[in-house]
Amino acid sequence: MSSPLAPAPLQEGIPVADDPVILGFGAAYLLIVVLIGVWGWMRTESTSDFLITGKSVGTWVLAMTAFSVIQSGFGFVGGPELVYAYGTTALWIFFTAPLGFLLTWIVLAKRMRLLADVRNVLTLADGMYVRYESDTVRGLTGLAVIVGVVAYLATNLAALQFVMRAIFGIPVIWGLLGGALILLLYSMLGGMIAGVWTDFLQALTMITGAVFVFAYALSFGGGMENISRNLASADPNLVSPFGAMGGATTAVLVGIAWWILFSVGSAGQPHLITKFYMSRDMTILKWGAPIAAISYAVSSLIAFSAGFSMRAMVEAGEIGETFSASEVGPVFVLEQTPSVIAGLILAALLAAIMSTSDSFLNIGAAAVSRDIPRALGRPIEDDRTELRVTQIALAGLTVLATGVVYFSDTLVGILGTIGWGFFAAAFVPIAVFGLNWKGATKEGAIVAVLGGLFVNIVFSALPMALEVAGLDGLASTIMAFYVFPDVFPVGTVALLVAIVLFVGVSLVTQTRHTVPSDLHALIER
């Protein structure tokens, strides 16, 4: 067993680009990201500007930033990784996530935007305080945001270290630390204004690049028929409807669980749903859902095609497996696509990670500087001071997430599903049900958030922390109480538990509560 304080092994097997075209793309994109950050800093005069861009975002920018904050480093590194390792099991994420955009727009888009007009809300916790008139709900929402942000930010930093290695040839550890430093600088300068416009730029780039990667991947694998034949000969489960994560029965359960988590769970992602606050007006929300859903589906071709073609060629003996699953995406792009395409994809991925991480940092830092103090009855009254405390909180969250990546060897894709699960369990009940059902109560919200956090922390975060500390036996003891297969996502269990608790407690306590008068029309829409 390794030392409890020893960092997780960081892979150096990923090929390094020595092509000036790829280096040029990477350097240019980093420069553009920093310049956008400086531009955002020049336009940021208040906490409202920093967190929700002053309600200035149009249809296409809103849709693109919504899709890109969900795709990010998870889609390019975690996606191919899961497809490579488990075959079609992972497609239950990529085929169902677009449905999540449609669901989220239907149940929350107009309501969240109206909420920003009715009351002065900047964060999800602000909105939940308005709905339930409870500082406890506000505080628990802020706490859940912080916990989920650390897991999700770690996902993006874990992906970032591989991309920095691929482009600039630096050791993975320096890719992690250097990337985290650039991210922190960018985020502290530009806030959400910079993040939104970087999201838009990288979204267009990733969609374009995904089409090219898909074409090259099919060619590399000899066509879909040949890819399927090679995979089936190695393990028929890789191309079965539910994939190879566990046995046949387990794979079915995991596929269904991921369908629930990544469709219904989309409506609980604060980095997505708080984007509705930023909409310039109500009319531009109409086409956002199909634009975001189609964009996500196209960009997912990277994960689908790269993961399958690389695994097929390994199983056929055409290439050696000299890389880890986490490196499949970057390895394929560097070795199997022309320099211009590789440079475009890797540079866009840098932007994706930076802008998505900026979104996480902003909502997490706002929870530290705005939501928790207000819940405790000690709000920061001066706007400029609140802005500065928010920026300081960015640094603390970045350091914490970097530590999670450094000391954990969890797959990027699994880290992503953990972060998604934290948010889904905490916020689907209180946001979706709360803004669509007058019978929702603050007691139901409190119990739901606590229940979702409890399941996720006890069966997901705590065992990971214990394993990092070298206490594998204690981690196994805790997981012995988890009645589902180990690969069954804890986030789905937490989400279902939270929904049941929310509805049950609200039904018992709703006779003592009324909806705030100015929210009646909003909830009835």
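The rules behind each value
- Residues numbered from 1 in each chain as written.
- Predicted model: local features only at pLDDT ≥ 70, side-chain atom pairs only at ≥ 80, totals over all residues.
- Heavy atoms only, no water.
- Helix = DSSP H or I, 4+ residues; strand = E, 2+ residues; numbered from the N terminus.
- Buried < 20%, exposed > 50% of the residue type's maximum accessible area, 1.4 Å probe, protein only.
- Contact = heavy atoms within 4.5 Å.
- Areas by Shrake-Rupley, 256 points an atom, 1.4 Å probe, with all protein chains shown as cover.
- Core = buried A, V, L, I, M, F, W, Y, C linked by side-chain atoms within 4.5 Å.
- pLDDT = per-residue confidence, 0-100.
- Patch = residues over 30% accessible without salt bridge, like charges linked within 9 Å, V, L, I, M, F, W, Y side chains within 5 Å.
- Salt bridge = Lys/Arg side-chain N within 4 Å of Asp/Glu carboxyl O.
- Axes fitted to C-alpha atoms, helices over the stretch in contact; angles between N-to-C directions.
- Parallel < 35°, antiparallel > 145°, perpendicular 65-115°, else oblique.
- Left-handed = near helix turned anticlockwise from the far one by under 90°.
- Nonpolar A, V, L, I, M, F, W, Y, C, P; charged D, E, K, R; others polar.
- Phe/Tyr/Trp six-rings, centres within 6.5 Å; stacked < 30°, edge-to-face > 60°.
- Lys NZ or Arg CZ within 6 Å of the ring centre and 35° of its normal.

Participant: Just to check I follow, could you spell out the overall build of the protein chain for this structure?
Facilitator: Regarding its fold elements, the protein chain presents 21 helices and zero strands. Counting over 525 residues, the protein chain shows a buried share of 60%. Look at the contacts in the protein chain between residues 6 or more apart in sequence, and 86% of them connect residues 24 or more apart. For the protein chain, the exposed surface amounts to about 18500 Å²; the carbon and sulfur share of it is 67%.

Participant: Sorry if this is basic, but what is going on with unusual backbone geometry here?
Facilitator: Peptide bonds are, in most cases, trans, and in most cases residues other than glycine have a negative phi. In this structure, Glu133 takes a positive phi of about 50° despite not being glycine. Residue position: Glu133 is located in the loop between α6 (124–132) and α7 (135–168).

Participant: How should I be thinking about the nonpolar core in this particular structure?
Facilitator: Soluble globular proteins tend to bury their nonpolar side chains together. Counting 148 residues, the largest nonpolar core has Phe101, Trp105, Leu108 and Leu157 as its most contacted members. The dominant element in this core, judged by the number of residues it contributes, is α7, at 20 residues. Not counting residues within four places of it along the chain, the set of residues in contact with Phe101 comprises Ala66, Phe67, Ile70, Leu272, Ala289, Ala292, Ala293 and Tyr296. Judged by nonpolar contacts, the second largest core, of 14 residues, contains Phe459, Leu466, Tyr482 and Ala494.

Participant: Before we go on, may I ask you to explain the confidence of the model for the protein chain in this structure?
Facilitator: Interpretation of the predicted coordinates at a detailed level should be avoided for regions scoring low in pLDDT. Model confidence for the protein chain is summarised by a mean pLDDT of 80, while 86% of its residues fall at 70 or above. Per-element confidence in the protein chain ranges from a low mean pLDDT of 55 for helix α2 (residues 47–52) to a high of 94 for helix α20 (residues 490–509). Considering only residues more than four positions removed or in separate chains, one finds that residues 1–11, a stretch of pLDDT under 50, has 22 contacts.

Participant: Whenever I open this one, a nonpolar patch on the surface confuses me. Can you help?
Facilitator: The grouping of Leu99, Leu102, Ile106 and Trp259 at the surface amounts to a nonpolar patch, some 390 Å² of accessible area in total. Here the element with the most residues in the nonpolar patch is helix α5 (residues 97–118); it accounts for three residues. Locating Ile106 in the fold gives a position in helix α5. In this structure Ile106 comes out as exposed when scored by relative accessible area, which is 65%.

Participant: I would appreciate a short explanation of the packing of α6 against α7 in the present structure.
Facilitator: It is the contact of α6 with α7, at a shortest axis distance of 8 Å, that shows an interaxial angle of 155°. With respect to each other, α6 and α7 are oriented roughly antiparallel. Handedness of the crossing formed by α6 with α7: right-handed. For the pair α6 and α7, contact is made by Leu124, Ala125, Asp126, Met128, Tyr129 and Tyr132 and by Asp135, Val137, Arg138, Thr141 and Gly142, respectively. Looking at side-chain class alone, the contact of α6 with α7 contains six nonpolar, two polar and three charged residues.

Participant: It is not clear to me how the pattern of salt bridges should be interpreted in this structure. Could you clarify?
Facilitator: Scanning all chains against the criterion turns up five salt bridges. Measuring nitrogen to oxygen at the nearest pair gives 2.7 Å for the salt bridge that ties Arg370 to Asp126. Residue Arg370 is found in helix α15 (residues 339–375), and its partner Asp126 is found in helix α6; the two are separated by 244 residues along the sequence. In this pair, the class of Arg370 matches that of Asp126, namely buried. The partner of Arg311 in a salt bridge is Glu315, and the shortest N-O contact between them spans 2.7 Å. Of the two residues, Arg311 and Glu315 both sit in helix α13 (residues 301–315), four residues apart, roughly one turn of that helix. Arg311 gets classed as buried once you look at its relative accessible area, which sits at 15%.

Participant: Would you mind showing me how to read the packing of aromatic side chains here?
Facilitator: Pairs of aromatic rings are described using the distance from one ring centre to the other and the angle between the two planes. Tallied over the full model, the rule gives 13 aromatic pairs. With 6.3 Å between their ring centres and 65° between their planes, Trp437 and Phe502 make a pair best called edge-to-face. In this pair, Trp437 is assigned in the loop between α17 (412–433) and α18 (442–468) and Phe502 in helix α20, connecting sequence segments 65 residues apart. Members of the aromatic cluster, connected to one another through ring pairs, are Phe459, Tyr482, Phe484 and Phe488. A cation over a ring is seen here: Arg138 above Tyr129, with NZ or CZ 4.1 Å from the ring centre. Positioned over the ring face of Tyr84 is Arg311, at 5.6 Å from the centre of the ring.

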